[in-house]
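Architecture at a glance
Chain by chain, the residues run as shown.
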Amino acid sequence: MAKYLGFYLLLVMLRLAMAFAGILNETCYDDDDTTGSPLRVDEYQDSCPAAEAIVFSGVEKAVFGDPRMAASLLRLHFHDCFVNGCDASVLLDDVGSFVGEKTAAPNLNSLRGFEVIDAIKSDLESVCPETVSCADILAIAARDSVVLSGGPGWDVQKGRRDSLEASKSAANNNIPGPNSGVPTLVAMFQNVGLTLTDMVALSGSHTMGKARCSTFSARLNGPEINVEFMESLQQLCSESSTNTTVAELDLVTPATFDNQYYVNLLSSEGLLASDQALVSGDEQTRKIVESYAVDTMIFFEDFKKSMLKMGRLNPLIGKNGEIRRNCRAVN
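Residues numbered from 1 in each chain as written. Predicted model: local features only at pLDDT ≥ 70, side-chain atom pairs only at ≥ 80, totals over all residues. Heavy atoms only, no water.

A count of helical and extended segments in the protein gives 14 helices and two strands. Across the 331 residues of the protein, 50% fall into the buried class. Pairs at least 24 apart in sequence give 78% of the contacts found in the protein among residues at least 6 apart. As presented, the protein carries roughly 14600 Å² of accessible surface, and 53% of it is formed by carbon and sulfur atoms. (Helix = DSSP H or I, 4+ residues; strand = E, 2+ residues; numbered from the N terminus. Buried < 20%, exposed > 50% of the residue type's maximum accessible area, 1.4 Å probe, protein only. Contact = heavy atoms within 4.5 Å. Areas by Shrake-Rupley, 256 points an atom, 1.4 Å probe, with all protein chains shown as cover.)

As structure tokens, this is what we get:
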């Protein structure tokens, strides 16, 4: 416990220094926050002051061992929030007659990082039993993954509780697919309360991570693709089973959170059809892509705001839900 408390004190000192320098992120309290969300930045200040330090330590260890894990943990939070809100339902295992979301089409053999969340939860339970929710762990881990990959930081709002149920059907229907066009993407984001700008900004998370050949096979035959890029992908995917071979979502800086994803789109080097559609399928989204490609800070600011908005989607609060002892199962 001592190592976490020491880390926590260091974290507090760094935040104070940032505040005095005038650069502490303020998006938790900006004019865009009109949701009346009960989530708070200081939720665990008294009940588990080392919570964020413990999460950061677990994410740092995982990302150091496997840089791709940063993208995987970020994706876990996204897939959780898009299915009935940010309630850690994505973490529940199928047990007996209980059906979780892990076997839904967008998640099966695709989502990773469950064991990282398990390890973090175990550490938290040893220090602050039944205090920090799995939903909050996902939100904090997503932020830490971005920071550890060179991206922006923000103060995570906390206080979510964990769901008692899951919805495989909602997971199948609510999570945007890799071949979605702009109208479909916009509709799916609007269905959960997010805007077109949120959609383009959050798509920037594809500046990290990998995708299986089967998810972008249709892209190889599309008209909007760089020929040299297409040939390299065709060679990669022809070498072995398309069910297991993966390609970098961003070939230039695959493990760095930056704006290279948008630069790639303007060069017709978006890996997924849903990515390239942001440039070729709609003038509004193209203009946003162009602004992000030119100015990293514009992208970072919009991304932070959109992550905070997504993190506030339908949280369970008060006596709703529970604080799971094991993220894979209800208590």
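Structure's up, so let's keep going.
Residue position: V156 is located in the loop between α5 (134–148) and α6 (168–174). It is 9.1 Å that separates the C-alpha atoms of V156 and L39, two residues lying 117 residues apart in sequence. Each residue touching V156, except ones within four places of it in the same chain, is listed here: R40, V41, A139, I140 and R143.

Taken as a whole and judged by the stated rule, the model has four disulfides. Put simply, C81 and C86 are joined by a disulfide, and their sulfur atoms are 2.0 Å apart. Disulfide C81 to C86: torsion about the S-S bond roughly 115°, handedness right-handed. Across the disulfide, C213 is cross-linked to C237 (sulfur-sulfur distance 2.0 Å). Across the disulfide from C213 to C237, rotation about the S-S bond amounts to roughly -90°, and the bridge is consequently left-handed. Of this pair, C213 sits in helix α9 (residues 213–216) while C237 sits in helix α10 (residues 227–238), and the two are 24 residues apart along the sequence. (Disulfide = S-S within 2.5 Å.)

Moving on: unusual backbone geometry. Phi at N84 is positive, roughly 60°, even though this residue is not glycine. Among the structural elements, N84 can be located in the loop between α3 (69–81) and α4 (114–127). Its identity is not glycine, yet E130 carries a phi of approximately 50°, on the positive side. In this fold, E130 is placed in the loop between α4 and α5. Exposure remark for E130: the relative accessible area of 44% places this residue in the partly exposed category.

Let's shift gears to helix α12 (residues 273–280). Three- or four-residue spacings in an α-helix give side chains the same orientation, since the helix completes a turn every 3.6 residues. Most of α12 is tucked away, with six of its eight residues classed as buried. Each element contacted by the buried residues of α12 is listed here: α7 (182–191), α8 (196–203), α11 (260–266) and α13 (283–294).

Relative to each other, α8 and α13 sit at 45°, their axes nearing to 10 Å. Considering the angle they form, α8 stands oblique to α13. In this structure, α8 crosses over α13, and the sense of that crossing is right-handed. Listed contacts from α13 to L196, T197, M199, V200 and A201 of α8 are Q284, T285, I288, V289 and Y292. Its residues placed into classes, the contact of α8 with α13 shows seven nonpolar, three polar and no charged. (Axes fitted to C-alpha atoms, helices over the stretch in contact; angles between N-to-C directions. Parallel < 35°, antiparallel > 145°, perpendicular 65-115°, else oblique. Left-handed = near helix turned anticlockwise from the far one by under 90°. Nonpolar A, V, L, I, M, F, W, Y, C, P; charged D, E, K, R; others polar.)

Turning next to the packing of aromatic side chains. A complete count under the given rule lists 13 aromatic pairs for this structure. For the ring pair W154 and F303, a centre distance of 6.0 Å and an interplane angle of 70° mean the geometry is edge-to-face. Here W154 is found in the loop between α5 and α6, whereas its partner F303 is found in helix α14 (residues 296–311), with 149 residues between them in sequence. Residue classification places W154 among the buried positions, given a relative accessible area of 6%. Relative accessible area serves as the criterion here: at 0%, F303 is assigned to the buried category. Centroid distance Y261 to Y262: 4.8 Å. Interplanar angle 80°. Geometry classified as edge-to-face. A relative accessible area of 2% means that Y261 is categorised as buried. Feature note: the residues W154, F257, Y261, Y262, Y292, F299, F300 and F303 constitute an aromatic cluster, connected by ring pairs. Between K102 and the ring centre of F114, over which it is positioned, the NZ or CZ distance is 4.1 Å. (Phe/Tyr/Trp six-rings, centres within 6.5 Å; stacked < 30°, edge-to-face > 60°. Lys NZ or Arg CZ within 6 Å of the ring centre and 35° of its normal.)

Summing up the model confidence of the protein, the mean pLDDT is 90 and the portion of residues at 70 or higher is 88%. Across residues 12–32, where pLDDT falls below 50, the model places 23 contacts with residues more than four positions away in sequence or in other chains. (pLDDT = per-residue confidence, 0-100.)

Here the focus is the side chain of S203. If you trace the backbone, S203 turns up in helix α8. Sequence-distant contacts of S203, that is, excluding residues within four places in its chain, are made with Y261, Y262 and L278.

Under the defined criterion, the tally for this structure stands at 16 salt bridges. Between R143 and E52 there is a salt bridge; the shortest N-O distance is 2.6 Å. Here E52 lies in helix α2 (residues 51–65) and R143 lies in helix α5, a separation of 91 residues in the sequence. Judged by relative accessible area, E52 falls into the buried class, the value being 10%. A salt bridge links R143 to D144; its shortest N-O distance comes to 2.6 Å. Grouping residues by exposure puts R143 and D144 together as buried. If you follow the salt bridges from partner to partner, you end up with E52, R143, D144 and K158 in one network. (Salt bridge = Lys/Arg side-chain N within 4 Å of Asp/Glu carboxyl O.)

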